[in-house]
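Coordinate analysis (summary)
Letter by letter, the chains look like this.
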Amino acid sequence: MNNQHRWFARSWMAFVYAFLYLPIFILVVFSFNKGRPTKWNGFSIESYVALIKTPEVFDGLFVSLKIATASALMSVIIGTMIAFVLQRYKRFAGKTLFSGMANTPLVMPEVVLGLSLLLVFKSLFKLEGGYMMIIFGHSLLGAAYASVVIKARFSELSLSYEEAALDLGAKPLEAFFLVTLPLIAQSLVSAWLLVFTISFDDVVISQFLSGPGVKPLPNVILDNARQGAKPLLNALGAVIVFLVSASLIAGSIWLQKREKKRNAEIAAAFRDAT
């Protein structure tokens, strides 16, 4: 690569990073702004003080955490079933239809999903909006994402492990829980984290299915943003950025240590075998 191409590649990379992360950086900086959130007036932590004194935000946070945790768990269970059926059973009647229906939430606008779920729950089941309706709605969307992640792992997994367990006397259900499940555990964790993020960040479905006293954090932010820019919203965004960054750093360190430990165990086992 000559100098001109190298300069272009570095400039393009810098532009992409600036496009992605400059707004986040500005948000964090203006969270320490005094007064109006759109014009720098000096350093202050009054936005964080206002955030602490706003119980509505913490209530929305706890609601979102409960919903996202339950939705992610349900989505991973359903997504694992979908991925197992599609990957292990190559041919069965209606497979194309089943695969299409499982992936439909990926391409369907959330407005349509939210409206259809609202009509089904209220018209057929006579349910009022609340926790369970939002969890079911998020699980419908999350199961599609989870199945894609888990299916990718199933496609790389050899059947020989399950066949060996069956040859040794294990029943199919025992082989799945004792052999297959540990082998796909990393994809399950990845799917859970992905669906948790999607559920925690969802606005549209939650807006359709929320009921009295149940308002997730994104909807709280949306309601406050409609009233005009507020300093506490910058502080809230900065806190979320700090927490997510800390979680990513901690997770990366844990994965690196886990990988080093695994490589050391493999090397030790290889030395013992030779």
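Owing to the predicted nature of the structure, the values given are computational and were not obtained by experimental measurement.

Thresholds, definitions, all that
- Residues numbered from 1 in each chain as written.
- Predicted model: local features only at pLDDT ≥ 70, side-chain atom pairs only at ≥ 80, totals over all residues.
- Heavy atoms only, no water.
- Helix = DSSP H or I, 4+ residues; strand = E, 2+ residues; numbered from the N terminus.
- Buried < 20%, exposed > 50% of the residue type's maximum accessible area, 1.4 Å probe, protein only.
- Lys, Arg positive; Asp, Glu negative; His and termini not counted.
- Charge placed at Lys NZ, Arg CZ, Asp CG, Glu CD.
- UniProt positions renumbered as here; feature names shortened; annotations may be inferred.
- Patch = residues over 30% accessible without salt bridge, like charges linked within 9 Å, V, L, I, M, F, W, Y side chains within 5 Å.
- Areas by Shrake-Rupley, 256 points an atom, 1.4 Å probe, with all protein chains shown as cover.
- Salt bridge = Lys/Arg side-chain N within 4 Å of Asp/Glu carboxyl O.
- Polar contact = N/O pair within 3.5 Å; in protein donor to acceptor, adjacent residues only side chain to side chain.
- Contact = heavy atoms within 4.5 Å.
- Axes fitted to C-alpha atoms, helices over the stretch in contact; angles between N-to-C directions.
- Parallel < 35°, antiparallel > 145°, perpendicular 65-115°, else oblique.
- Left-handed = near helix turned anticlockwise from the far one by under 90°.
- Nonpolar A, V, L, I, M, F, W, Y, C, P; charged D, E, K, R; others polar.

**Focus: the overall build of the protein chain**
- Within the protein chain, the secondary structure is distributed over 12 helices and zero strands.
- Mapped from its N terminus to its C terminus, the protein chain presents α and β elements in the order α-α-α-α-α-α-α-α-α-α-α-α.
- Oriented by its inertia axes, the alpha-carbon framework of the protein chain measures out at about 70 × 65 × 40 Å.
- Across the 274 residues that make up the protein chain, the buried fraction comes to 31%.
- Looking at the protein chain, you have 25 positive and 16 negative side-chain charges, and the mean spots of the two groups are 7 Å apart.

**Considering the UniProt feature "transmembrane region" (unreviewed entry) in the protein chain**
- Mapped onto the present numbering, the UniProt feature "transmembrane region" (unreviewed entry) falls at residues 12–32, 67–86, 106–125, 131–154, 175–200 and 232–255.
- Strand forms 0% of residues 106–125 and helix 85%; the C-alpha atoms that close the span are 25 Å apart.

**Remarks on a nonpolar patch on the surface**
- On the surface, a cluster of nonpolar side chains totalling about 1300 Å² of accessible area is made up of Trp7, Phe8, Trp12, Met13, Phe15, Val16, Tyr17, Phe19, Leu20, Tyr21 and Ile24.
- Relative to the assigned elements, isoleucine 24 resides in helix H1 (residues 3–30).

**A short note on the pattern of salt bridges**
- Applying the stated criterion to the full structure yields two salt bridges.
- Two residues, arginine 153 and glutamate 156, come together in a salt bridge whose shortest N-O distance is 3.7 Å. Within this pair, arginine 153 and its partner glutamate 156 are both found in helix H6 (residues 131–156), separated by three residues, close to a single helical turn.
- The exposed category is assigned to glutamate 156, whose relative accessible area is 61%.
- Of the charged contacts in the structure, one is a salt bridge between aspartate 223 and lysine 215, with a shortest N-O distance of 2.8 Å.
- What makes aspartate 223 buried here is its relative accessible area of 18%.

**Some words on the side chain of histidine 138**
- In this fold, histidine 138 is placed in helix H6.
- Within the structure, histidine 138 has its side chain in polar contact with the side chain of aspartate 202 (distance 3.2 Å).
- A polar contact of 3.0 Å, which involves the side chain of histidine 138, links it to the side chain of serine 206.
- When residues no more than four places from it in sequence are discounted, the contact partners of histidine 138 are Ile67, Ser71, Ser75, Ser199, Asp202, Ile205 and Ser206.

**Thoughts on the packing of helix H4 (residues 95–107) against H6**
- Running from amino to carboxyl end, H4 crosses H6 at an angle of 110°, the nearest separation of the two axes being 8 Å. With respect to their mutual orientation, H4 and H6 come out roughly perpendicular. By crossing handedness, the relation of H4 to H6 is classed as left-handed. For the pair H4 and H6, contact is made by Ala102, Asn103, Pro105 and Leu106 and by Leu140, Leu141, Ala144, Tyr145, Ser147 and Val148, respectively.
- For the contact of H4 with H6, the per-class residue count stands at eight nonpolar, two polar and no charged.

**Re the packing of helix H7 (residues 160–167) against helix H8 (residues 172–183)**
- As a packed pair, H7 and H8 sit with axes 9 Å apart at the nearest point and diverge in direction by 145°. Where H7 crosses over H8, the two elements pack in a sense that is right-handed. Note on element contacts: H8 touches H7 through Pro172, Ala175, Val179, Thr180 and Leu183, opposite Tyr161, Glu162, Ala165 and Leu166.
- The class makeup of the residues in the contact of H7 with H8 is seven nonpolar, one polar and one charged.

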